[in-house]
Amino acid sequence: MLFALTLAVTIALSAALREPLRRWPWAFYALAAAAVLVLLAVPQQALPKEASLAMLPLVKKGYVATALFVIVMFVGALPRGGRADRWMRPVRAQLSIVACILIAGHVIGYLASYLPRLTSGAISGTAVYLGLAAAVVLTALTAVLGVTSLQRVKRAMAPGTWKRVQRLAYLFTALLYVHALLMLLPPALSGGAAAQESAAAYTAVFAAYLVARLARAWADRSRDARTAEEAAPDGDAQALGA
Ligand code: HEM
């Protein structure tokens, strides 16, 4: 339930803060970096109890970063030119960069505890090994997509290359779901209610994204076919199978 709540609040804040995010993205990048530093550098006992309790799911477990990645994915599946698309598309790159900074807290936080266990063979169960293998590829994709979201880098790249790189976002999305589910499977199968709820929430969100993205692809294709038909002089109607 906590992830669903985090997603709802993150959607509301992203829409409400769209203008400051567009004008002063660096302030949001610095805020995200500060949250990661607090998670990694400040002993949790030194933090007020509420802050330390909030840091675990929101930053360490990656809830806010994952919610931002979900928003970035859905902006790409919204009807083109629609109100939500026009409102959110201009800050899609900035949201993605904030998410990449925040997920660094998750990656470093869990690498610190899982690497020694991995090297000492103290990890049990195939699901966790597969989940960590997916995590390595996912982390590399996060870095590539994050860096190419920076305006300066985008401008320096050939548009065709940039577009091809951005298509990796689909592999990223699939691996994010697979990684989260594989890491949650052991506690979920042994009756962990929180893990079961999170797994159900991720499944609902990623299934909704799949449907929205396929619907958008279909709408784009029908629109392109109509445009091609309208552009074709009468004589060619035959050629287009009219
Ligand atoms: C080498 C890098 C990574 C490691 C070692 C790692 C490790 C973990 C671990 C141990 C969990 C289980 C946490 C729990 O008990 O709830 C987990 C869950 C998760 N990871 Fe990662 N992860 C890595 C990279 C990533 C990346 C790059 C992303 C996102 C882009 C990500 C997203 C998630 C999500 C969404 C969950 C589910 C959290 C929950 O609902 O509890 N991870 N990861």
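Residues numbered from 1 in each chain as written. Predicted model: local features only at pLDDT ≥ 70, side-chain atom pairs only at ≥ 80, totals over all residues. Heavy atoms only, no water.

A.B. asks: Looking at this structure, how should I read the overall build of the chain?
C.D. replies: A tally of regular secondary structure across the chain gives twelve helices and zero strands. Mapped from its N terminus to its C terminus, the chain presents α and β elements in the order α-α-α-α-α-α-α-α-α-α-α-α. C-alpha extents for the chain along the principal axes are approximately 75 × 40 × 35 Å. Here the chain holds 242 residues, and the buried ones make up 35% of them. Counting only contacts in the chain whose residues sit at least 6 apart along the sequence, the fraction spanning at least 24 positions is 70%. (Helix = DSSP H or I, 4+ residues; strand = E, 2+ residues; numbered from the N terminus. Buried < 20%, exposed > 50% of the residue type's maximum accessible area, 1.4 Å probe, protein only. Contact = heavy atoms within 4.5 Å.)

A.B. asks: Where do I start with the coordination of the iron atom of the ligand in this structure?
C.D. replies: When a metal holds four donors in a tetrahedron, each ideal angle between them is 109.5 degrees; when it holds six in an octahedron, the ideal angles are 90 or 180 degrees. Distances from the iron atom of the ligand to its protein donors, H106 (NE2) and H179 (NE2), fall within 2.0 Å. For the iron atom of the ligand, the six donor atoms in the first shell make angles of 88 to 179 degrees at the metal, a pattern classed as octahedral. Placement of the pair is H106 in helix α7 (residues 92-119) and H179 in helix α11 (residues 168-189), with a sequence separation of 73 residues. With relative accessibility at 11%, the residue H179 sits in the buried group. (Donors = N, O, S within 2.8 Å, 3.2 Å for Na, K, Ca; no water. Tetrahedral: all angles 85-135°; square planar, octahedral: opposite > 155°, others 65-115°.)

A.B. asks: Sorry, what's going on with the site of the ligand here?
C.D. replies: Neighbouring the ligand are 23 residues; T66, H106, Y114, H179 and Y202 lie closest to it. The side chain of S198 places a nitrogen or oxygen atom 3.5 Å from an oxygen atom of the ligand. Elements that contribute at least two residues to the shell around the ligand include exactly α5 (63-75), α7, α8 (126-147), α11 and α12 (193-231). Considering only residue class, the shell around the ligand consists of 16 nonpolar, six polar and one charged. (Near = heavy atom within 4 Å. Polar contact = N/O pair within 3.5 Å; in protein donor to acceptor, adjacent residues only side chain to side chain. Nonpolar A, V, L, I, M, F, W, Y, C, P; charged D, E, K, R; others polar.)

A.B. asks: Looking at this structure, I do not really get the pattern of salt bridges. What am I missing?
C.D. replies: Between side chains of opposite charge, pairing is possible as soon as their charged atoms come close. Following the criterion strictly, the structure yields eight salt bridges and no others. For R18, the salt bridge is made with E19, and the minimal N-O distance between the two is 2.9 Å. Using a relative accessible area of 23% as the deciding quantity, one classes E19 as partly exposed. With its nearest N and O atoms 2.9 Å apart, the salt bridge here joins R216 to D220. (Salt bridge = Lys/Arg side-chain N within 4 Å of Asp/Glu carboxyl O.)

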